[in-house]
Amino acid sequence: MMNILAIESSCDDTAAAVVRDGRTVLSSHVSSQIEMHTIYGGVVPEIASRKHVEAISGLADRAVSEAGLTKFQLDAIAVTYAPGLIGAVLVGVNFAKGAAMALDLPLIPVHHVRGHIAANYITHPDLEPPFVCLCVSGGTTAIMDVRTYTDMAVLGGTQDDAAGECFDKVARVLGIGYPGGAPMDKLAQGGDDTKYDLPVPHVSGAELDMSFSGLKTASLNLIHNSEQKGEALDLPSFAASFGRAVSNSLVPRVISAAKMTGYGKIAVAGGVAANRRIRADLQAACAQSGDRLFLPEPRWCGDNAAMIGCQGFYEFQAGHTASWDLNAYATRDIALG
Ligand code: KG4
């Protein structure tokens, strides 16, 4: 039996969790800084780092006691060490190092996006690699070949903006909140998704690659043009049309990836995986293709530490522990771990 204390601080959520044997979440806490950053319309890196410093020790302490354990019953410390806002990631890495040293425990570095993929193991105890995973968050849009728990390759991805970034930018211009994915999703309910014709770009010569900058520009132009003409935009229909365009970029490509690999299993990961339109379209597409679909519960889609504890267990089993000179990285190839 292995109890891992996991730490996540790569962006604007400080999180701590205790996970048993890679699958069972004993406790999970997320302290969001959203209110603070909303004032500025985006994450302010220095504020994020400082808020992590304030929150992290108390959160870790709470995660251990709510798991029904003492810190002496922990078996390892896992931490997100890349990618993210560098000052923010450094806070988590340094805390985890201190905890591992004080308790004389192994230190397990976890790639944030690998953690998002592992969120599926919490919801689906029967899911095992190999499978294809669509990773869609604020900073990442990629289709992954998850060959084993720790051996992964990128099959395709965005050539420019991430899908979540595109949701956030458009929502900001519409003034409907930050981060914008969830409000856009809510607004889209009841809208006519065919009312606005938004582009779904193709990347020639790269069947599984995507591009979102054209969709972002077309959306912003449409919003500005209607403002200039004094015409009111039908907001629910615009949000629904936008959701359709994003979904039409993502869903056919992940279905193609499943066909190419022959795995017959598709998982989804990251904050944008909570999107109702994308989830529904994936369900419909998989019902047609015969692929088995694994969707993480919405509460595990956004940033959390439980997913880091899950992936940390498998990284540990593969012998991936860190020495005391572990550093944090703003960017890092997911295939390298
Ligand atoms: O995974 P996440 O919490 O953080 C990163 O690792 O980036 O993802 C955050 C992103 C944001 O861009 C947010 O707007 C988006 O996920 N998001 C959504 C929804 N909920 C969160 N996008 C579309 N629909 C949603 N329901």
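Residues numbered from 1 in each chain as written. Predicted model: local features only at pLDDT ≥ 70, side-chain atom pairs only at ≥ 80, totals over all residues. Heavy atoms only, no water.

Visitor: Got a sec to walk through the layout of surface pockets? Specific residues and values, please.
Guide: The calculated volume of the second largest pocket comes to roughly 170 Å³. For the second largest pocket, the lining is made up of 13 residues, of which Y81, P109, R332, L336 and G337 are closest to its centre. Along the lines of polarity and charge, the residues of the lining of the second largest pocket split into six nonpolar, four polar and three charged. (1 Å grid on protein atoms, 1.4 Å probe; cavity = no way out; pocket = protein on both sides within 12 Å on 5 of 7 lines; lining within 4 Å. Points joined across faces, edges and corners; volume = space filled by probe spheres on them. Nonpolar A, V, L, I, M, F, W, Y, C, P; charged D, E, K, R; others polar.)

Visitor: Can you lay out the site of the ligand for me, pointing to particular residues and giving the numbers?
Guide: As a matter of local geometry, the ligand sits amid 21 residues, with G138, D168, G181, D185 and G271 nearest to it. The contact in question runs from an oxygen atom of the ligand to an N or O atom on the side chain of H116, over 3.1 Å. Separating an oxygen atom of the ligand from a backbone N or O atom of G181 is a distance of 2.9 Å. The protein chains hide 84% of the 560 Å² of surface that the ligand would expose on its own. Secondary structure elements with two or more residues in the shell around the ligand: helix 4 (112-123), helix 5 (163-174) and helix 6 (181-188). Class assignment of the residues belonging to the shell around the ligand gives a composition of six nonpolar, 12 polar and three charged. Structurally, the shell around the ligand is a two-domain feature, drawing no fewer than three residues from each of domain 1 (3-116 + 301-336) and domain 2 (129-295). (Near = heavy atom within 4 Å. Polar contact = N/O pair within 3.5 Å; in protein donor to acceptor, adjacent residues only side chain to side chain. Areas by Shrake-Rupley, 256 points an atom, 1.4 Å probe, with all protein chains shown as cover. Helix = DSSP H or I, 4+ residues; strand = E, 2+ residues; numbered from the N terminus. Domains from an automatic or database assignment.)

Visitor: Can you explain the sheet that holds strand 3 (residues 24-32)? Please cite residues and give values.
Guide: Spatial strand order, 3-2-1-4-5: five strands in an open sheet with mixed pairing. This sheet does not close on itself; its edge strands, each paired only once, are strand 3 and strand 5 (107-111). The sheet shows a mean angle of 20 degrees between the axes of neighbouring strands, direction not considered. As judged from the four bridges shared by strand 1 (residues 3-8) and strand 4 (residues 76-82), these two strands associate in the parallel manner. In the sheet register, I4 faces strand 4, and the bridge partner there is A76. Across the sheet, helix 3 (residues 86-103) is in contact with strand 1, strand 4 and strand 5; its angle to strand 4 comes to roughly 160 degrees. (Pairing = 2+ DSSP bridges. Axes fitted to C-alpha atoms, helices over the stretch in contact; angles between N-to-C directions. Contact = heavy atoms within 4.5 Å.)

Visitor: How would you explain the pattern of salt bridges if you had to name every residue and give the values?
Guide: Close approach of charged atoms allows side chains with opposite charge to pair. Within the structure shown, the criterion is met by 13 salt bridges. For R114, the salt bridge goes to E315, with nearest N and O atoms at 2.9 Å. One end of the pair, R114, is in helix 4; the other, E315, is in helix 11 (residues 306-317), with 201 residues separating them in the sequence. Each member of the pair, R114 as well as E315, carries the same accessibility label: buried. Residues participating in the shared-partner salt-bridge network are D145, R147 and D151. (Salt bridge = Lys/Arg side-chain N within 4 Å of Asp/Glu carboxyl O. Buried < 20%, exposed > 50% of the residue type's maximum accessible area, 1.4 Å probe, protein only.)

Visitor: Got a sec to walk through the pairing of strand 2 (residues 13-20)? Specific residues and values, please.
Guide: A large share of strand 2 lies buried, amounting to seven of its eight residues. Judged from the six bridges that link them, strand 1 and strand 2 form a sheet pairing that is antiparallel. Across the sheet, the residue bridging to I7 is A16, located in strand 2. Counted along the chain from strand 1 to the antiparallel partner strand 2, the turn is four residues long. Pairing geometry for strand 2 and strand 3, over eight bridges, is antiparallel. Bridge pairing links R20 to T24 in strand 3.

Visitor: Run through the packing of aromatic side chains, naming residues and quoting values.
Guide: Enumeration over the complete set of coordinates arrives at nine aromatic pairs. Centroid distance Y81 to Y329: 6.0 Å. Interplanar angle 90 degrees. Geometry classified as edge-to-face. Placement of Y81 in strand 4 and of Y329 in the segment after helix 11 is noted, with a sequence separation of 248 residues between them. For Y81, a relative accessible area of 5% gives the class buried. On the accessibility criterion, Y329 (36% relative accessible area) is partly exposed. Taken together, the aromatic side chains of Y121, F131, Y149, F313 and Y314 make up a single cluster linked through ring pairs. (Phe/Tyr/Trp six-rings, centres within 6.5 Å; stacked < 30°, edge-to-face > 60°.)

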